[in-house]
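Secondary and tertiary structure notes
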Amino acid sequence: MKGGKSNLYDDLKRQILTMELDPDQDLDEASLSEQYGLSRTPVREIFRRLEGEGYIDIRANRGARVSPMNHQTLRHFFLVAPMIYAAIGRLAVQNFKPKQLVDLKETQDRFRSASSSGDALAMVLENNRFHEIIGEMSFNAYLQPSLGRLLIDHARIGHTFFRPKNDDMRERLQLAVEHHDGFIEAIARHDEDTVVDLVFEHWELSRENMEMFIAPQGMKADALVEVPVTSMEKSS
């Protein structure tokens, strides 16, 4: 049996980011209480904390569910993501602390290692943490919550990016690793313009991969359909 509020909190976040829990999936309060050895009260406290961070919704008389992804949320995501990422990047350059830069480098080392070994789940989590740190560097109480909410859906929409199935996608993943290195170098130099340029390059790379996930290449219309032979065709 797993135990503790912190374990439940960390596990739910991880399972949502990595799509182990599907968008809109109901969360069973009783089952989680038993699984983690907790009473209902601390489980509800975790739910409220995760709701505040955008991971779940709590509905009156209907319980908690994983935050949905629908047409409206996806439209909002694609409209505002690059603007928020760019503003965060510029503020990060202006306000970061040396310790945060160290944390960013260590996170990048783990991301690169996961990329080399093909550990998709680790890549999702380390990539998410990399961009969280840049958000923390901004020290902006208004933008950080928005970034946090964006990163949840960014991870969920783009999770297939970290499971490359061909050489083109592997090259894209390597480019993402190089972008991260570029962010670190530009932040260390206090180079706002380069950071913002990288934000849009990185966003475009992510956007293309997310579009592949949302609208995958279709199969031939008759690929799974066995066309019946008519009596006329049989007699001809």
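Residues numbered from 1 in each chain as written. Predicted model: local features only at pLDDT ≥ 70, side-chain atom pairs only at ≥ 80, totals over all residues. Heavy atoms only, no water.

Under an unreviewed UniProt entry, the name given to the protein chain is Transcriptional regulator, GntR family, and the source organism is Rhizobium multihospitium.

When helices and strands are counted, the protein chain shows 10 helices and three strands. Ordered by position from N to C terminus, the α and β elements of the protein chain give α-β-α-α-β-β-α-α-α-α-α-α-α. Looking at the protein chain residue by residue over its 236 residues, the buried ones come to 42%. Split by element, the accessible area of the protein chain, about 13,200 Å² in all, is 52% carbon and sulfur. (Helix = DSSP H or I, 4+ residues; strand = E, 2+ residues; numbered from the N terminus. Buried < 20%, exposed > 50% of the residue type's maximum accessible area, 1.4 Å probe, protein only. Areas by Shrake-Rupley, 256 points an atom, 1.4 Å probe, with all protein chains shown as cover.)

Let us look at unusual backbone geometry. Located in the positive-phi region is N61, a residue other than glycine, with phi close to 65 degrees. Relative to the elements of secondary structure, N61 occurs in the loop between strand 2 (56–59) and strand 3 (63–66). Despite not being glycine, F139 has its phi angle at roughly 50 degrees, a positive value. With respect to the element layout, F139 can be found in the loop between helix 6 (120–138) and helix 7 (143–157). According to the relative accessible area criterion, F139 is partly exposed, its value standing at 48%.

Here we take up the pairing of strand 2. Pairing analysis gives four bridges linking strand 2 to strand 3, with the strands arranged antiparallel. Looking at strand 3, one finds that R59 is bridged to G63. What sits between strand 2 and strand 3 in their antiparallel hairpin is a turn of three residues, with N61 showing a positive phi close to 65 degrees. (Pairing = 2+ DSSP bridges.)

This part takes up a nonpolar patch on the surface. The grouping of L79, V80 and M83 at the surface amounts to a nonpolar patch, some 270 Å² of accessible area in total. Note on placement: L79 falls in helix 4 (residues 71–95). (Patch = residues over 30% accessible without salt bridge, like charges linked within 9 Å, V, L, I, M, F, W, Y side chains within 5 Å. Salt bridge = Lys/Arg side-chain N within 4 Å of Asp/Glu carboxyl O.)

The next point concerns the packing of aromatic side chains. Under the definition given, this model contains six aromatic pairs. On the basis of an interplanar angle of 55 degrees and a centroid distance of 5.8 Å, the ring pair of F77 and W203 is categorised as tilted. One end of the pair, F77, is in helix 4; the other, W203, is in helix 9 (residues 192–214), with 126 residues separating them in the sequence. The pair formed by F77 and W203 is uniform in burial state, with each residue classed as buried. One aromatic cluster is present, built from ring pairs that chain together F77, F78, Y85 and W203. (Phe/Tyr/Trp six-rings, centres within 6.5 Å; stacked < 30°, edge-to-face > 60°.)

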